Amino acid sequence: ELAAGTMAAAGHAPNIVAGHLVAHAPTLDAFAAGMAAGIDDPVTGLGLTARHGATGDQLAAASEAYGLSPAETATVLVDAGTQPELVLDTLDARCDHDTDSALDIATGAGIGQDTIDAWRNPAPPAPAVGITASVGADPAAAALLALLPPPGPSV
C-alpha cells in the first residue's frame, strides 16, 4: 500500500504501478491494498493489472478492495478486453468457488457457452517428451547424453 501510494504520488503512471504490483506484491492483501492506494479508478486498475498478467485471485482481491460486486467486476473486466478464462477465474474466486454463481454472472457479462465449457473442462496437458527421444536421431547428442550420470536430486 505504501509503495504503490508513493509511486503514484511521485508521478508514476498507473501502468507502471499496476505492473509493479502484479510482479512484486507479496500477498493478495498487499496487492489489493496497493491497487486501492495506487490507482483510484477500478476500471483503470483492473484493466491494467489484467494486461500485466495478474491472476484471477489477484483481480478478485483488488475488485473486492475497490468495493465492486462480482457482477460489476465481470463487466469491468469484459469491457477491458480481459481474456474470458481470466474473467472466469476471477469470478470463481469472487464467488468463493461457487461455480454456478460465477457462471451465471459470466453469462450475464457476455461470456459465451463454448468458453465456459472449455474453462470447466480444460484440455489435458500435452505429454512430456524426454530429451533422449528428441535427440535420439543425433549420434553426437546421444553420445554426450550417455556420459551424463543418471538423473537424480540436485545437491
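Presented here is a report on the structure given in the accompanying data block. The shown structure was predicted, so the numbers you read here are calculated from the model rather than taken from an experiment.

**As for the overall build of the chain**
- Within the chain, the secondary structure is distributed over 11 helices and zero strands.
- The linear arrangement of helices and strands in the chain, starting from the amino end, is α-α-α-α-α-α-α-α-α-α-α.
- Dimensions of the chain, computed from C-alpha atoms along their principal axes, come out at roughly 60 × 45 × 25 Å.
- Within the chain, the fraction of its 155 residues that count as buried is 34%.
- Across the chain, contacts joining residues at least 24 apart in sequence account for 58% of those joining residues at least 6 apart.
- With the model as given, the accessible surface of the chain reaches about 9000 Å², and the carbon-plus-sulfur share is 58%.

**Focus: unusual backbone geometry**
- The phi dihedral of Asp96 is positive, around 50°, even though this residue is not glycine.
- For Asp96, the position within the fold is in the loop between helix 7 (84–94) and helix 8 (99–108).
- Phi at His97 is positive, roughly 65°, even though this residue is not glycine.

**Focus on the environment of Ala102**
- Considering the arrangement of structural elements, one finds Ala102 in helix 8.
- When the C-alpha positions of Ala102 and Thr90 are compared, they lie 8.7 Å apart, and in sequence the two are 12 residues distant.
- With sequence-adjacent residues up to four places away left out, Ala102 is seen in contact with Leu91, Asp92 and Cys95.

**Brief notes about the layout of surface pockets**
- Counted as a void, the largest pocket has a volume near 160 Å³.
- Lining the largest pocket, in full, are Leu28, Asp57, Ala60, Ala61, Glu64, Ala93, Arg94, Asp96 and His97.
- Only helix 5 (56–65) and helix 7 provide two or more residues apiece to the lining of the largest pocket.
- With four residues, the single largest contributor to the lining of the largest pocket is helix 5.

**What about the nonpolar core?**
- In terms of nonpolar packing, the biggest core is built from 32 residues, with Phe31, Met35, Leu46, Leu59 and Leu88 touching the most fellow members.
- Met35 has contacts with Leu21, Gly45, Leu46, Thr49, Ala62 and Tyr66, leaving out every residue within four places of it along the chain.

**Observations regarding the packing of helix 4 (residues 42–51) against helix 5**
- In contact at an axis separation of 10 Å, helix 4 and helix 5 are set at 170° when each is read in the N-to-C sense. It follows that helix 4 is roughly antiparallel to helix 5 by the angle criterion. Contact with helix 4, carried on its side by Leu46, Thr49 and Ala50, involves Leu59, Ala62 and Ser63 of helix 5 and no other residues of that element.
- Classifying every residue of the contact of helix 4 with helix 5 gives four nonpolar, two polar and no charged.

**Quick look at the side chain of Ser63**
- Within the fold, Ser63 resides in helix 5.
- According to the relative accessible area criterion, Ser63 is buried, its value standing at 0%.
- Residues in contact with Ser63, not counting those within four places in the same chain, are Leu46, Leu68, Thr73 and Arg94.

**Quick look at helix 7**
- Across the 11 residues of helix 7, eight count as buried, placing the element largely inside the fold.
- Two residues or fewer after helix 7 comes Asp96, characterised by a positive phi angle close to 50°.

What counts, and at which threshold
Residues numbered from 1 in each chain as written. Predicted model: local features only at pLDDT ≥ 70, side-chain atom pairs only at ≥ 80, totals over all residues. Heavy atoms only, no water. Helix = DSSP H or I, 4+ residues; strand = E, 2+ residues; numbered from the N terminus. Buried < 20%, exposed > 50% of the residue type's maximum accessible area, 1.4 Å probe, protein only. Contact = heavy atoms within 4.5 Å. Areas by Shrake-Rupley, 256 points an atom, 1.4 Å probe, with all protein chains shown as cover. 1 Å grid on protein atoms, 1.4 Å probe; cavity = no way out; pocket = protein on both sides within 12 Å on 5 of 7 lines; lining within 4 Å. Points joined across faces, edges and corners; volume = space filled by probe spheres on them. Core = buried A, V, L, I, M, F, W, Y, C linked by side-chain atoms within 4.5 Å. Axes fitted to C-alpha atoms, helices over the stretch in contact; angles between N-to-C directions. Parallel < 35°, antiparallel > 145°, perpendicular 65-115°, else oblique. Nonpolar A, V, L, I, M, F, W, Y, C, P; charged D, E, K, R; others polar.

So yeah, pure geometry; function would need other evidence.
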